[in-house]
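For reference, the chains in residue letters:
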Amino acid sequence: MADQTHVLFVEDDDVIREATQLALERDGFAVTAMPDGLSGLAAFRADRPDIALLDVMVPGLDGVSLCRRIRDESTVPVIMLSARADSIDVVLGLEAGADDYVTKPFDGAVLVARIRAVLRRFGHASGNGHAESGADEVAGGVLTFGDLEVDTDGMEVRRAGQPVALTPTEMRLLLEFSSAPGTVLSRDKLLERVWDYGWGGDTRVVDVHVQRLRQKIGQDRIETVRGFGYKLKA
């Protein structure tokens, strides 16, 4: 298991859990599958997986609450699984700290592609064991925007001299803004660059992550350009 990417999968439906576990294992992942949130939390603390797949509606401790507990302890990537694309649970999961979500029922190949896209952003090994870099498009150095400092070499952020804790997805998002301050970046462009979507995705993912980033670096640092996207104030 040491040479494989370790996936924690929490799903209460026996058929979905077993079929998905087999599909992921065929693609080279090591999988710990749990039927409820409490056993999922225990497995997370015991095994420290590389990524967590959490169904929203699981017994004991629901997926959103489990995501929040994981995020309190770790920046490990989290993908939520939701039965409805328009569900409020999607937004709640993202606000709790999830990095992405996949709608059920899902195609196994699509799920694997989304997992690998998230892992690429996080610099973890993909299912075949190769590591990939996350932010090579941003030139190295320390970038300063008012009281905000972004160290693109050390992957560190400070605000008024104090360190700011960002998840890897939030860091990627900030690096995109920092690479083009004052330039409006559309939601579709951010989906492509940060989430590695080569196709149109749900822009709620972008909106929630921008809001989370604002809470950490300052509400007025990222400006909404209505109808177009967002820009970092230079």
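Figured I'd write up the structure that's included with this text. Remember, predicted model here, so these are calculated numbers, not experimental data. (Residues numbered from 1 in each chain as written. Predicted model: local features only at pLDDT ≥ 70, side-chain atom pairs only at ≥ 80, totals over all residues. Heavy atoms only, no water.)

Residue Pro105 follows Lys104 across a cis peptide bond; omega there is -5°. Residue position: Pro105 is located in the loop between strand E5 (100-103) and helix H5 (108-122). In this structure, Ala160 takes a positive phi of about 55° despite not being glycine. Considering the arrangement of structural elements, one finds Ala160 in the loop between strand E8 (156-159) and strand E9 (162-163). (Helix = DSSP H or I, 4+ residues; strand = E, 2+ residues; numbered from the N terminus.)

Turning to the sheet that holds strand E7 (residues 148-151), a few remarks are in order. Strand order in the open sheet made by the 4 strands is E6-E7-E8-E9, with antiparallel pairing throughout. A single partner strand is all that each edge strand has here, and the edge strands are strand E6 (142-145) and E9. Where E6 lies against E7, 4 bridges are found, and the strand directions are antiparallel. Its bridge partner being in E7, Phe145 is matched across the sheet by Leu148. Where helix H6 (residues 168-179) meets the sheet, its contacts fall on E6, E7 and E8, and the angle it forms with E7 comes to roughly 105°. (Pairing = 2+ DSSP bridges. Contact = heavy atoms within 4.5 Å. Axes fitted to C-alpha atoms, helices over the stretch in contact; angles between N-to-C directions.)

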